[in-house]
Amino acid sequence: MSQPDLEELAEIELQGDEEKAAALSIARKPLVVPTPGQDPALSVNHPFYDVARHGILQVAGEDRFGRRVITFSCCRMPPSHELNHRRLLEYLKHTLDQYVESDYTIVYFHYGLNSRNKPSLGWLQSTYKEFDRRYKKNLKALYVVHPTNFIKVLWTIFKPLISHKFGRKVIYFNYLSELREHLKHGQLIVPPEVLRYDEKLRNLHRGRVPAPAKTPPPRPPLPTQQFGVSLQYLKDKNQGELIPPVLRFTVTYLREKGLRTEGLFRRSASVHTIREIQRLYNQGKPVNFDDYGDVHIPAVILKTFLRELPQPLLTFTAYEQILGITSVESSLRVTRCHQILQSLPEHNYAVLSYLMGFLHEVSRESIFNKMNSSNLACVFGLNLIWPSQGASSLSALVPMNLFTELLIEYYEMVFSTQEARGGLGAGAVEAGERSGPVSRGRTPRRPGLAPRASAAPDGARETPLVPEASR
């Protein structure tokens, strides 16, 4: 997977972490910035006062082997726009420089890392590379407390960089009690937020579900609600129209003004702007995307709409069938996709056909927008299908993306009418004759279709965003 793909996956996993924390009734308290008087060792003259004042790093005495312990608490990290991550790296090195000549241990409290305060994956990679052998040699243990699926994403990224020797130093603890077996309990500095989270987890593990927080009952959706409601609700509130208004509006706008925009659907947008547009749509107010001057905003709105459906567009029922697409013979995969879609509810099928037809148009302009069916699948796979419980594993991404790519690449065949099913064989055989089940670069010509006006010249190839090995 490419860097942008993993960035998006990391974002999804972090959102899942936040939802799980919310389910445990853990309220996020606003960050309290310590004053110089709270820490006698910290003053405004500290060379890294702007970073140190947050208390992200702490020196927490020694472990049971007499090694210095340094803690890193994600819950102390302010939103990214309030923290210079380059300065954070320099402060981390400044702190470690005082101890790297002797054996030392790092405790990483993962709880509290979220989509608002996470550094980029590029920053994490460059940070790891900047810690040379001098730092790694005497690091005897890196304890990761309360790991989540986000850690799996990081491991996928860093695995090629991490030596086997260093990998053995990383130890995961699901509970603080496990960590305390290795450290001197009285010296360990644990943020109150982490203590509360650990207590909730232990109660849940023992079967004593914490009493739910006293929150008002959820409000019924507005009649004009567009996000977070079912397709049936949208149909009922829009005079039986099958295609939700927000989906039709964004597709229409992008078809007119965004088909040749490079990197369409791969760029992000301001969270504030997206929330504002969602509010306008939910209140039934008009949205003019020209006012925002960024064609990537309606693209993000479209993905957000899909992601916030109560049930994925491809439904929970089809999840296991979709994961099985990789075990189907290449020449039969298009036919299998067609079969799976026949079990979808009529409404879901209509919306999916509308969306895939548009994405097929986007892929036909890939010579300009660099978004062929493979690249689009990397973006939309996770927005079309997810399991009913938990988050999708990394191993599930390959079949999910493959299935999505086939829907886009072979749109006319997969969504053929009942009478046209006999024509699936030719397309399916063609899919099996290529070097893989999906296209690499320009889309090949299909039987009965005219050559594309936007096709790349013979020999031209786009760089796929999914490595060959992941196929």
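Treat the numbers as computed from the prediction; the structure is a model and nothing was measured.

Considerations on the overall build of the chain
For the chain, the helix and strand inventory stands at 21 helices and five strands. Counting over 471 residues, the chain shows a buried share of 50%. In the structure as shown, the chain presents an accessible area of about 22,900 Å², 53% of it carried by carbon and sulfur atoms.

Examining unusual backbone geometry
Located in the positive-phi region is H146, a residue other than glycine, with phi close to 60 degrees. Position of H146 among the secondary structure elements: in the loop between β4 (139-145) and α6 (149-158). A positive phi is found at K370, a non-glycine position, where the angle reads about 60 degrees. Within the element layout of this structure, K370 appears in the loop between α17 (366-369) and α18 (373-384).

Topic: the pattern of salt bridges
Counted under the stated rule, the structure contains eleven salt bridges. As a salt-bridge pair, E90 and R86 come within 3.8 Å of each other at their nearest N and O atoms. With a gap of four residues between them, E90 and R86 both fall in helix α3 (residues 85-96), about one helical turn apart. Residue classification places E90 among the partly exposed residues on the basis of a relative accessible area of 30%. A salt bridge links E361 to R255, with the shortest nitrogen-to-oxygen separation between them at 3.0 Å. In this pair, E361 sits in helix α16 (residues 346-364) while R255 sits in helix α11 (residues 245-257), placing the two residues 106 residues apart along the sequence.

Describing the nonpolar core
Core analysis: the largest hydrophobic core is formed by 67 residues, its most contacted members being F265 and L352. In this view, F265 contacts L254, A299, L302, K303, F358, L359, V362, L376, V379 and F380; residues no more than four positions away in its chain are not counted. By size, the runner-up hydrophobic cluster in this structure holds 36 residues, among which are V51, F72, L113 and I162.

Re the environment of I162
Here I162 is to be found in the loop between α6 and α7 (164-167). When the C-alpha positions of I162 and K129 are compared, they lie 9.9 Å apart, and in sequence the two are 33 residues distant. Ignoring sequence-local partners within four residues, the contact set of I162 consists of Y128, W155 and G167.

Focus on the pairing of strand β2 (residues 68-73)
For β2, a buried count of five out of six residues is recorded, marking the element as mostly surrounded by other parts of the structure. Here β2 runs beside strand β3 (residues 104-109); their pairing, made up of six bridges, is parallel. Among the inter-strand pairings, T71 is bridged to a residue of β3, identified as V107. Since β2 and β3 lie parallel, the crossover through α3 that links them has a hand, and here it is right-handed.

A look at helix α9 (residues 192-205)
Counting along an α-helix, one turn takes 3.6 residues, and residues three or four places apart therefore face a common direction. The end-to-end C-alpha distance of α9 is 20 Å, a good match for the 20 Å that 14 residues give at a rise of 1.5 Å each. Within α9, the full set of buried residues consists of V194, Y197, D198, L201 and N203.

Quick look at the packing of aromatic side chains
This model, assessed by the stated rule, comprises 13 aromatic pairs. When the ring of Y143 is compared with that of F173, the centres are 5.2 Å apart and the planes differ by 35 degrees; the resulting orientation is tilted. Placement of Y143 in strand β4 and of F173 in strand β5 (residues 170-173) is noted, with a sequence separation of 30 residues between them. A residue is classified by how much of its surface remains accessible, and Y143, at 2% relative accessible area, is buried. Residue F173 is classed as buried on the basis of its relative accessible area of 6%. With a centroid separation of 6.3 Å and 75 degrees between ring planes, the pair formed by F265 and F358 is classed as edge-to-face. Taken together, the positions of F265 in the loop between α11 and α12 (271-282) and F358 in helix α16 put the pair 93 residues apart, joining distant regions of the chain.

Comments concerning the packing of helix α13 (residues 296-307) against α18
Pairs of packed helices are described in terms of their axes, by the angle between the two and the distance that separates them. The contact between α13 and α18 brings their axes to 8 Å, and the two run at 30 degrees. On the basis of their axis angle, the class for α13 and α18 is roughly parallel. In contact with L302, K303, L306 and R307 of α13, α18 contributes V379, F380, N383 and L384. Here the residues of the contact of α13 with α18 are counted per class, giving five nonpolar, one polar and two charged.

Structural notes on the confidence of the model for the chain
Per-residue pLDDT for the chain has a mean of 77; in total, 72% of the residues score no lower than 70. Mean pLDDT in the chain bottoms out at helix α21 (residues 424-433), which sits at 42, and peaks at α16, which reaches 96. In this model, residues 27-38 is a region of pLDDT below 50 whose contacts with residues beyond four sequence positions or in other chains number 19 contacts. This model gives residues 418-471 a pLDDT under 50, and the stretch forms 96 contacts once residues within four places in sequence are excluded.

Side note on the packing of α11 against α13
Their axes nearest at 9 Å, the elements α11 and α13 cross at an angle of 150 degrees. Here α13 runs roughly antiparallel to α11, going by the angle between their axes. Crossing hand, α11 versus α13: left-handed. Between α11 and α13, the residues in contact are V246, L247, T250, V251, Y253 and L254 and P298, A299, I301, L302 and F305, respectively.

Section: a positive patch on the surface
Taken together, the side chains of R133, K137, K165 and R168 make up a positively charged region of the molecular surface. Inspection of the secondary structure assignment puts K165 in helix α7.

What to know about helix α15 (residues 333-342)
Listing the buried residues of α15 in full gives R333, V334, C337, H338, I340 and L341. In a view along the axis of α15, the buried residues occupy a sector of 165 degrees, so they form one face of it.

Basis of the calculations
Residues numbered from 1 in each chain as written. Predicted model: local features only at pLDDT ≥ 70, side-chain atom pairs only at ≥ 80, totals over all residues. Heavy atoms only, no water. Helix = DSSP H or I, 4+ residues; strand = E, 2+ residues; numbered from the N terminus. Buried < 20%, exposed > 50% of the residue type's maximum accessible area, 1.4 Å probe, protein only. Areas by Shrake-Rupley, 256 points an atom, 1.4 Å probe, with all protein chains shown as cover. Salt bridge = Lys/Arg side-chain N within 4 Å of Asp/Glu carboxyl O. Core = buried A, V, L, I, M, F, W, Y, C linked by side-chain atoms within 4.5 Å. Contact = heavy atoms within 4.5 Å. Pairing = 2+ DSSP bridges. Right-handed = clockwise from strand over helix to strand, strands pointing away. Expected span 1.5 Å × (residues − 1). Phe/Tyr/Trp six-rings, centres within 6.5 Å; stacked < 30°, edge-to-face > 60°. Axes fitted to C-alpha atoms, helices over the stretch in contact; angles between N-to-C directions. Parallel < 35°, antiparallel > 145°, perpendicular 65-115°, else oblique. Nonpolar A, V, L, I, M, F, W, Y, C, P; charged D, E, K, R; others polar. pLDDT = per-residue confidence, 0-100. Left-handed = near helix turned anticlockwise from the far one by under 90°. Patch = residues over 30% accessible without salt bridge, like charges linked within 9 Å, V, L, I, M, F, W, Y side chains within 5 Å. Lys, Arg positive; Asp, Glu negative; His and termini not counted. Charge placed at Lys NZ, Arg CZ, Asp CG, Glu CD. Arc of directions from axis to C-beta.

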